[in-house]
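# Fold and contact review
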Amino acid sequence: MVDDQTETNETRLGAVKDIQYAIEQLGLDDEMLVIAGDNVLDFSLTNFIDYAKEKKTSCIMRYYEESETKLTKCDVVLTDENDLILDMTEKPSEPKSHWCCPPFYYYTREDAKLVSEGIALGCGTDAPGSYIA
C-alpha cells in the first residue's frame, strides 16, 4: 500500500499524480492495471488483460451506455472501426458517442513509463482518464 499522506481535497495530488507517485514509491517498471477504487466490477479483468496483451497495446475498458444523461457524468470515448481512440472527454455536455469509459486501464510497460512525461507536458492530473486522453 502507498499513502501520500494527503488529508484534504485541497492538498491531494490528483489521480494521475497518484499513479506516478505509486510508480516512484514502489519502483514499478512493468505493465500496469489501473482501476479507480470507487467502482464495482461486473466483468472479467482476466479477459480485459488478455485482450490488451493480444492487441499488444495499452487499453481502456468501455461499454455502450444508452442514456445521454449518464454519459454526461463519465468519460466518453469516440473510436474508429479498429477501436482506436479518436477522442476521450470527461463529463461532456454533448457526448460524441455512447461509449462510456469507466476508469479501468491497462498500460503497457512503455506507456506506464510515460506518465511523468505526460504530467510534465500538461495533461490533466485530477481525473484518472486525463493521462489516456
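Here the structure is a predicted model, which means the values were calculated and not measured.

### Here's the deal with the sheet that holds strand β3 (residues 63–64)
Here we have four strands laid out as an open sheet, ordered β3-β6-β4-β5, and antiparallel in their pairing. Two strands in the sheet have a free side with no partner beyond their single neighbour: β3 and β5 (85–90). Pairing analysis gives two bridges linking β3 to strand β6 (residues 99–101), with the strands arranged antiparallel. Each residue of the ladder has a partner; that of Tyr63, found in β6, is Cys100.

### Digging into the nonpolar core
In this structure, Ile19, Met32, Tyr105, Tyr107 and Val115 are the most contacted members of the largest nonpolar core, which totals 15 residues. Broken down by secondary-structure element, the contributors of at least two residues to this core are α1 (15–26), β1 (32–35) and β7 (104–107). In terms of residue count, α1 provides more of this core than any other element does, three residues in total. Once residues within four sequence positions are removed from consideration, Tyr107 is found in contact with Ile19, Glu31, Met32, Val34, Ser58, Ala112, Val115, Pro128, Tyr131 and Ile132.

### Describing the sheet that holds strand β2 (residues 59–60)
The strand order across the open sheet built from three strands is β1-β7-β2, with neighbouring strands paired in antiparallel fashion. The open sheet has two free edges, formed respectively by β1 and β2, since each of these has just one partner strand. One ladder, built from two bridges, connects β2 with β7; its direction is antiparallel. Residue pairing for β7: Cys59 is matched across the bridge by Tyr106. Strands β1, β2 and β7 of the sheet are contacted by helix α2 (residues 45–55), whose axis makes an angle of about 40 degrees with β7.

### Comments concerning the pattern of salt bridges
Taken as a whole and judged by the stated rule, the model has six salt bridges. With its nearest N and O atoms 3.4 Å apart, the salt bridge here joins Arg12 to Asp126. On the criterion of sequence distance, the pair formed by Arg12 in the segment before α1 and Asp126 in the segment after α5 (115–120) is long-range, its members being 114 residues apart. The closest approach of N and O atoms between Lys53 and Glu31, which form a salt bridge, is 3.2 Å. Residue Lys53 is located in helix α2, and its partner Glu31 is located in the loop between α1 and β1; the two are separated by 22 residues in the primary sequence.

Rules used throughout
- Residues numbered from 1 in each chain as written.
- Predicted model: local features only at pLDDT ≥ 70, side-chain atom pairs only at ≥ 80, totals over all residues.
- Heavy atoms only, no water.
- Pairing = 2+ DSSP bridges.
- Helix = DSSP H or I, 4+ residues; strand = E, 2+ residues; numbered from the N terminus.
- Core = buried A, V, L, I, M, F, W, Y, C linked by side-chain atoms within 4.5 Å.
- Buried < 20%, exposed > 50% of the residue type's maximum accessible area, 1.4 Å probe, protein only.
- Contact = heavy atoms within 4.5 Å.
- Axes fitted to C-alpha atoms, helices over the stretch in contact; angles between N-to-C directions.
- Salt bridge = Lys/Arg side-chain N within 4 Å of Asp/Glu carboxyl O.

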